[in-house]
Amino acid sequence: MSTMPQESVSVTIDGRQVSVPKGTTIIEAAKQTGVLVPHYCYHPSLPSPAVCRMCLVEVEKAPKLLPACVTAVVEGQVVHTQSPTAKKAREGVLELLLINHPLDCPICDQSGECELQDYTFQEGRAAGRYADYPKRFNPVEDFGPDILYVVNRCILCTRCVRFMEDVAKDPILNISERGDRAYVGIDPAHRLDHPWAGNVVDLCPVGSLLSKDFLHKARVWDLDKTASICTGCSQGCNTTVDTRDDVVVRLRPRPNLDVNRHFICNTGRMDYRWMNRGDRVEAPLLREGSKLAARDWPTALERVGELVRAGRGPAVILAGGRASNESLGEVAGLFDGHSAIAAIHVPIGAAEEPLVGVPGLALRKERAPNGDGGRLLGYTAAWDAALKACAGAGVVLVLDVELGEAERALVAKAGLVVVLATVDQGFDGWATAVLPVTSTVEESGTFTNRDGRVQRYWQARSAPGMARPAWWVAAELRSILTGRQVPVNADAAFAALAASVPAFAGMSYADLGFTGRRAEPVGAAR
């Protein structure tokens, strides 16, 4: 069925002409010309109330300044965002906001990424005119398990109120009082403990809503920021990993309108502590008698290659749900032409927790990021059956999954047990060889979410010790067994996957970009 072409209009913004779909607001049209109109209350994933008056722009033939966040462009419109009138209006708004705003920048967690700082430096007066008047003062309020409200810093943009009311559909915040006495109020019978409430911290343009977890943990200019994918469930929300001195200190949402818009759930937000675990496997370990001894990579790979080649009987692969597509593909390729059972472990949560105002966005029951990637690569979800098959297996390969005591006992019955591990699991009693591999934040790779979207994540911190990506370890073993060339990097490993697996055909890292692309065929809906 054919679709009607979308009508476009041509507008001129600060001397630059652009064509945009009819109905586009001036503030969004300006972005397409490279112009960012200063704003506070506006957010692309929230309704626009035009209350902050910061985005006022001059439109030729209009009798007064217009708010760019709610004014739709029309054909032939000419907009001036930097005219003296528009700049004077913004200067006045900033002066009013700063009358009672405290000079907390040296101790404020938002310092360095504060929109009030940015626009005051860019647009504000050199000095205020209210030095003789005391600023108002209100005590800090505890809004919820992870959220503090610093009343003195609030500029009443209402983003938090609109998020809870229009997106979370849990209207427990409001604007109480009026004038210079106004503040964000909370229903006294409730706490701000909604499963998605943490987003109000990201939405706040100043340091008024703070995360207790991140409070005074780091200055933002000391942080390295890396694009990644949430590992908390199969939704595949896009995130930014913030690290300081190679330690992950914060996860934040990264915009992707097709997956999570601008939001992540509280569970995903707090799912970073495992990334800093200290009990890491840092060197290859080979069994010598009753003990495991550390060896270098060439020795370990040659020895494991010999053991796998000499193995008799079927193979079993037990993979964790955080393993990348590249790692799952290379590990499965180790046993091409041999009888093998491959299973991927996807923990199941109690219930889904949807963000009601965003269709298709929820904390999913499948609490692993790449279960669907495993299924596209031939892995089964029949975890218990794969464990039982270990008893008659010649080789069991465990890929980045922590096994319980009963599971280790079943795995130990195999003739050869090779573990590609990130953390120590007490391997002495059951593993033949342990090869250290990197975690998600220590490598680059891809996940496939529940909708079949393949998405990239980037390395955010250095690998501990001698750990290497699991795809590299498996590729080196395949080279020893078959003479196959080892991919030089994750990009090449994904290219090899795309060349051999129909679901990924035609894809490349450059093609995936920052927002990903759907694989074919898409996994069945659950």
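Engineer: Describe the nonpolar core, and please don't skip the residues or the numbers.
Structural biologist: For soluble globular proteins, the rule of thumb is that nonpolar side chains tend to be buried together. By size, the foremost hydrophobic cluster in this structure holds 50 residues, and its most contacted members are Y379, L399, L420, L435, V473 and F504. The element that contributes the greatest number of residues to this core is helix α12 (residues 470-482), accounting for 7 residues. Once you skip the residues sitting within four places of it in the chain, L420 turns out to touch V331, L397, V398, L399, D400, L435, V437, A470 and V473. Judged by nonpolar contacts, the second largest core, of 45 residues, contains I147, Y149, W196 and L355.

Engineer: I'd like a rundown of the sheet that holds strand β14 (residues 285-288), residues and numbers included.
Structural biologist: As summarised here, the arrangement of the 7 strands in space is β15-β14-β22-β21-β20-β16-β17, forming an open sheet in which the pairing is mixed. Unpaired on one side and paired on the other, β15 (291-294) and β17 (340-345) mark the two borders of the sheet. Across the sheet, the axes of successive neighbouring strands diverge by a mean angle of 20 degrees, strand direction being ignored. In terms of strand pairing, strand β21 (residues 416-421) meets strand β22 (residues 433-436) through 4 bridges, oriented parallel. Within the sheet, the bridge partner assigned to A421 lies in β22 and is P436. Along the sheet, helix α7 (residues 297-310) contacts β14, β21 and β22; its crossing angle with β22, the most-contacted strand, is approximately 135 degrees.

Engineer: Break down the pattern of salt bridges for me, with residues and values.
Structural biologist: Side chains bearing opposite charge may pair, as long as their charged atoms lie close to each other. All told, the structure shown has 31 salt bridges when counted by the stated rule. A salt bridge links R277 to E402, with the shortest nitrogen-to-oxygen separation between them at 2.7 Å. Here R277 is found in the loop between α6 (266-269) and β14, whereas its partner E402 is found in the loop between β20 (395-399) and α11 (405-411), with 125 residues between them in sequence. By relative accessible area, which is 29% here, R277 ends up partly exposed. Taking the shortest distance from any N to any O, the salt bridge between R517 and D511 comes out at 2.4 Å. With a relative accessible area of 30%, R517 lands in the partly exposed category. By relative accessible area, D511 is classed as partly exposed at 36%. Several salt bridges share partner residues, and in doing so they unite E113, D242, R250 and R252 into one network.

Engineer: Lay out the side chain of H43 with the relevant residues and their values.
Structural biologist: Assignment of secondary structure puts H43 in the loop between α1 (26-31) and β3 (56-59). You can call H43 buried: its relative accessible area is 11%. Leave out the neighbours within four places in its chain, and H43 touches R159, L203 and H262.

Engineer: Any details on the packing of aromatic side chains? Residues and values, ideally.
Structural biologist: What the rule picks out here adds up to 10 aromatic pairs. Aromatic side chains F163 and F263 sit 5.2 Å apart centroid to centroid with 55 degrees between the ring planes, which places their arrangement in the tilted category. A residue pair is termed long-range when its members are at least 10 positions apart, and F163 in helix α4 (residues 159-167) and F263 in the loop between β13 (247-253) and α6 qualify at 100 residues. As far as burial versus exposure is concerned, F163 and F263 are alike and both buried. On the basis of an interplanar angle of 35 degrees and a centroid distance of 4.7 Å, the ring pair of F447 and Y457 is categorised as tilted. One end of the pair, F447, is in strand β23 (residues 445-448); the other, Y457, is in strand β24 (residues 453-457), with 10 residues separating them in the sequence. Side by side, F447 and Y457 carry an identical accessibility label, which is buried.

Engineer: Lay out the state of the cysteines with the relevant residues and their values.
Structural biologist: On inspection of all chains with the given rule, the structure shows 0 disulfides. Not engaged in a disulfide, the cysteine C105 finds its nearest cysteine sulfur in C114; these two sulfurs lie 6.5 Å apart. On the basis of relative accessibility, which here comes to 29%, the residue C105 falls in the partly exposed class. Here C265 stays unpaired: no disulfide links it, and the sulfur of C230, its closest cysteine neighbor, is 6.0 Å away.

Engineer: Tell me about unusual backbone geometry, and name the residues and values.
Structural biologist: One non-glycine residue, L156, lies in the positive phi region at around 60 degrees. Relative to the helices and strands, L156 resides in the loop between β7 (147-149) and α4.

Engineer: Go over the layout of surface pockets, please, and point to the residues and values.
Structural biologist: Volume-wise, the largest pocket comes out at about 940 Å³. E115, D202, L203, R252 and P253 are, among the 36 residues lining the largest pocket, the residues nearest its centre. Secondary structure elements with two or more residues in the lining of the largest pocket: α3 (115-123), α5 (199-203), β10 (209-211) and β13. Considering only residue class, the lining of the largest pocket consists of 15 nonpolar, 8 polar and 13 charged. In this structure, the second largest pocket occupies an estimated 540 Å³ of space.

Engineer: Describe the pairing of strand β8 (residues 173-176), naming the residues involved and giving the relevant values.
Structural biologist: Two strands pair when backbone bridges link them, and β8 and strand β9 (residues 183-186) are joined in this way by 4 bridges, in the antiparallel orientation. Counterpart to I175 in the pairing with β9 is V184. The turn joining β8 and β9, which pair antiparallel and follow one another in sequence, is formed by 6 residues; a positive phi near 65 degrees is taken by E177.

Engineer: Can you break down helix α8 (residues 325-333) residue by residue, with the values?
Structural biologist: Counting buried residues in α8 gives 8 out of 9 residues, a clear majority hidden from the surface. Of the residues making up α8, those classed as buried are N325, E326, S327, L328, G329, E330, V331 and G333.

Engineer: Give a description of the environment of A393 that names residues and reports values.
Structural biologist: In this structure, A393 sits in the loop between α10 (383-389) and β20. For A393, a relative accessible area of 6% puts it in the buried group. For A393 and G483, which are 90 residues apart along the polypeptide, the C-alpha to C-alpha distance reads 25 Å. What A393 contacts, discounting residues up to four positions off in sequence, is R312, P314, V316, A414 and G415.

The rules behind each value
- Residues numbered from 1 in each chain as written.
- Predicted model: local features only at pLDDT ≥ 70, side-chain atom pairs only at ≥ 80, totals over all residues.
- Heavy atoms only, no water.
- Core = buried A, V, L, I, M, F, W, Y, C linked by side-chain atoms within 4.5 Å.
- Buried < 20%, exposed > 50% of the residue type's maximum accessible area, 1.4 Å probe, protein only.
- Helix = DSSP H or I, 4+ residues; strand = E, 2+ residues; numbered from the N terminus.
- Contact = heavy atoms within 4.5 Å.
- Pairing = 2+ DSSP bridges.
- Axes fitted to C-alpha atoms, helices over the stretch in contact; angles between N-to-C directions.
- Salt bridge = Lys/Arg side-chain N within 4 Å of Asp/Glu carboxyl O.
- Phe/Tyr/Trp six-rings, centres within 6.5 Å; stacked < 30°, edge-to-face > 60°.
- Disulfide = S-S within 2.5 Å.
- 1 Å grid on protein atoms, 1.4 Å probe; cavity = no way out; pocket = protein on both sides within 12 Å on 5 of 7 lines; lining within 4 Å.
- Points joined across faces, edges and corners; volume = space filled by probe spheres on them.
- Nonpolar A, V, L, I, M, F, W, Y, C, P; charged D, E, K, R; others polar.

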